[in-house]
Structures are given as structure tokens and as C-alpha cells.
Amino acid sequence: MAFIIIGFIVLALIGYFILKNNKSKSAGIVANTDYKPVLLQNISFYRELDDAGKLLFEQKVNSFLAGITIEGVGTIVDDTDRVMIASSAVIPIFGFKDWEYRNLTNVILYPDTFDGEFQFEGGSRNILGMVGSGYMNGQMILSRAALIKGFSKSAGKENTAIHEFVHLLDKSDGATDGVPENLLAHEYVLPWLKMIHQEIHKIEAGKSDINPYAITNEAEFFAVVAEYFFQKPTELKHKHPELYEILSTIFMQDRAGD
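Conventions used here
- Residues numbered from 1 in each chain as written.
- Predicted model: local features only at pLDDT ≥ 70, side-chain atom pairs only at ≥ 80, totals over all residues.
- Heavy atoms only, no water.
- Helix = DSSP H or I, 4+ residues; strand = E, 2+ residues; numbered from the N terminus.
- Buried < 20%, exposed > 50% of the residue type's maximum accessible area, 1.4 Å probe, protein only.
- Contact = heavy atoms within 4.5 Å.
- Areas by Shrake-Rupley, 256 points an atom, 1.4 Å probe, with all protein chains shown as cover.
- Phe/Tyr/Trp six-rings, centres within 6.5 Å; stacked < 30°, edge-to-face > 60°.
- Lys NZ or Arg CZ within 6 Å of the ring centre and 35° of its normal.
- Pairing = 2+ DSSP bridges.
- Axes fitted to C-alpha atoms, helices over the stretch in contact; angles between N-to-C directions.
- Expected span 1.5 Å × (residues − 1).
- Polar contact = N/O pair within 3.5 Å; in protein donor to acceptor, adjacent residues only side chain to side chain.
- Parallel < 35°, antiparallel > 145°, perpendicular 65-115°, else oblique.
- Nonpolar A, V, L, I, M, F, W, Y, C, P; charged D, E, K, R; others polar.

(A) Molecular detail of the overall build of the protein chain. Broken down by element type, the protein chain carries 11 helices and 4 strands. When each of the 258 residues of the protein chain is scored for burial, the buried share is 43%. Counting only contacts in the protein chain whose residues sit at least 6 apart along the sequence, the fraction spanning at least 24 positions is 61%. When the accessible surface of the protein chain is summed, it comes to about 14,000 Å², and 55% of that surface belongs to carbon and sulfur atoms.

In C-alpha cells form, the structure reads like this:
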């Protein structure tokens, strides 16, 4: 009987290691996928990088796609969609040596806008993207139309997918409050909050070019100006130099250069 039990244990261990090895091989296949042509065609952030930066970006894109499930509801997800979603995730954290979105497991892609009940047909639909909470925790929903527009030449200062991933960064310290405390040194917190409220007053007075959606609350302000920072860095630095500098500190990226 003892020999039989030992035999079962050995077989179980062999099965475990075979399964583990197969999973590793499968992950390696995903991680080595060549998305360079899609990146070159669709992601201007990637095109502006030097060769070393491009390679690092590709690695981060593959790492993201290897760990996050992307599924379509009412639409088919293709490689361009996957690359745009992954790039939206990588762009805000590109300056960090090591970062994983531990508060995300799934990205759900809808064909277009949706409502508060997650319906994308009929009714009043005005939501472009959202980070789930409660029973939807760990999931992000994005409009495919908004995703594509964010990487088009007509995007301007807006990029919905980047906006939502910045919310995830904000949320990573336990609170989606516009103050990413694990990315911002303590001595910058009060100046950052002061800057937020000063700029909100300017937006309310019609004296700012920042999207008025930023006045919703501090969290939306952070996500909106982050879009501006990544979409139009030179313009942001020229029009809002102090805001640019603190965002550059938060994201550890000097997007506009000198």
C-alpha cells in the first residue's frame, strides 16, 4: 500500500511539473509575439522612442498582454485593439523600472459608449470607459470607438484608455482620490493638491484650456491632465509649466524635453 501511495505522489508531481512547464512555454509564446508593425503604425509614443526605448516598450506591452485577459462584448478584439489597450497601460508607467497592475485582471471592450448599467445599445449612453468597483473590481470597460480615437490624429488632448489606466495607478494606493501617494513623495502632496484646486478655479472661470471634466473631482482632474501630459506634452509644458513639472515627477518622464 505504501508503494502505491508513493507512486501516486510521484505521478502527481510529474504531472504538476509538466503542466507548469507547458504554462511557461505558453506564456513565452505570448511574451515573444512581435507587435512592432502594429505599434509603429498606431502608437506615436512608441515611434518617438529610440531603439532601446522601443525594445523596452515592446517588452512591457508583451508582459501586460501575457497577464491580462482582454475580451470583446458585442465586438471582435483584434491585435490592433490589444496593442492599443496594452500601450495605454504601458505609457503611464513607462518611466517605472518595474510595475504591474495588480488591481486589474480583465479589460472588457465594448463597441461604443455604454451606460451605468453596462448596456451599449439604446437608452442614454455617454460613458467611454470606466474602472470597475464592487463586484466589478479588477475589471476595466472601454469603448472601442474611444480607444481608437485616442490614438488617432484627431485625438487632441484626450485619450480615454490612458485616462482609465491613470485611475488604476491612482487607485493602487488604496484610494482613487487624485493623489497617487505611492508615486508622489510626501513633500509634494500638499503642493499638488493646491495646484489642483487653483487650476479647477481657472477652469470654472473659463481661463484654462484643460478639459472641463477635470473639475468633477481630484481623481478626474489627475486623469484628465495626465491625458494632456501624454498626448500634448510640449503644449502642456508651455501653457502650464508647473503642472507639467509635477506630472513629470509623478510619471518619471520628461515628455517634452528641453
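Following the structure, the description resumes.
(B) Here's a closer look at the packing of aromatic side chains. All told, the structure shown has 17 aromatic pairs when counted by the stated rule. When the ring of Phe 222 is compared with that of Phe 251, the centres are 5.9 Å apart and the planes differ by 10°; the resulting orientation is stacked. Highlighted residues: Phe 222 in helix H9 (residues 218-231) and Phe 251 in helix H11 (residues 241-251), separated in sequence by 29 residues. Summarising the burial analysis for this pair, Phe 222 and Phe 251 share the class buried. Ring centres of Phe 229 and Phe 251 lie 5.8 Å apart, and the angle between their planes is 25°; on these two criteria the pair is classed as stacked. With Phe 229 in helix H9 and Phe 251 in helix H11, this residue pair connects regions lying 22 residues apart in the sequence. Taken as a pair, Phe 229 and Phe 251 share a single burial class, namely buried. One aromatic cluster in this structure is built from Trp 192, Phe 221, Phe 222, Phe 229, Phe 230, Tyr 244 and Phe 251. Taking the ring centre of Tyr 46 as reference, the NZ or CZ of Lys 54 above it sits at 5.8 Å.

(C) Geometry of the sheet that holds strand E3 (residues 129-131). Ordered in space as E1-E2-E4-E3, the 4 strands form an open sheet in which the pairing is mixed. A single partner strand is all that each edge strand has here, and the edge strands are strand E1 (69-72) and E3. Across the sheet, the mean angle separating the axes of adjacent strands is 15° when strand polarity is ignored. Inspection of the sheet shows strand E2 (residues 106-110) paired to strand E4 (residues 139-143) by 5 bridges, in the parallel sense. Directly across from Ile 108, in E4, lies its bridge partner Ile 141. Along the sheet face, helix H7 (residues 160-171) touches E2, E3 and E4 and points at about 15° away from the line of E3.

(D) Structural context of helix H4 (residues 51-67). Here H4 spans 25 Å end to end across 17 residues, near enough to the 24 Å set by a 1.5 Å rise per residue. Within H4 the residues assigned to the buried category are Gly 53, Lys 54, Phe 57, Glu 58, Lys 60, Val 61, Asn 62, Phe 64 and Leu 65.

(E) Expanded view of unusual backbone geometry. The backbone of Met 252 sits at a positive phi, close to 55°, despite the residue not being glycine. Within the secondary structure layout, Met 252 lies in the segment after H11.

(F) Inspection of the environment of Ser 154 at higher detail. Its place among the elements puts Ser 154 in the loop between helix H6 (144-150) and H7. Within the structure, the side chain of Ser 154 is placed 3.1 Å from the side chain of Ser 152, a separation counted as a polar contact.

(G) Structural detail: the side chain of Glu 199. By the secondary structure assignment, Glu 199 is in helix H8 (residues 186-204). Beyond its immediate sequence surroundings of up to four residues, Glu 199 is in contact with Ser 208, Ile 210, Phe 221 and His 240.

(H) Summary view of the packing of H9 against H11. Close contact between H9 and H11 brings their axes to 11 Å; oriented N to C, the two are set at 95°. By the criterion of interaxial angle, the relationship of H9 to H11 is roughly perpendicular. Contacts from Phe 221, Phe 222, Val 225, Ala 226, Phe 229 and Phe 230 of H9 reach H11 at Leu 243, Tyr 244, Leu 247, Ser 248, Ile 250 and Phe 251. Within the contact of H9 with H11, the residues separate by chemical class into 11 nonpolar, 1 polar and no charged.

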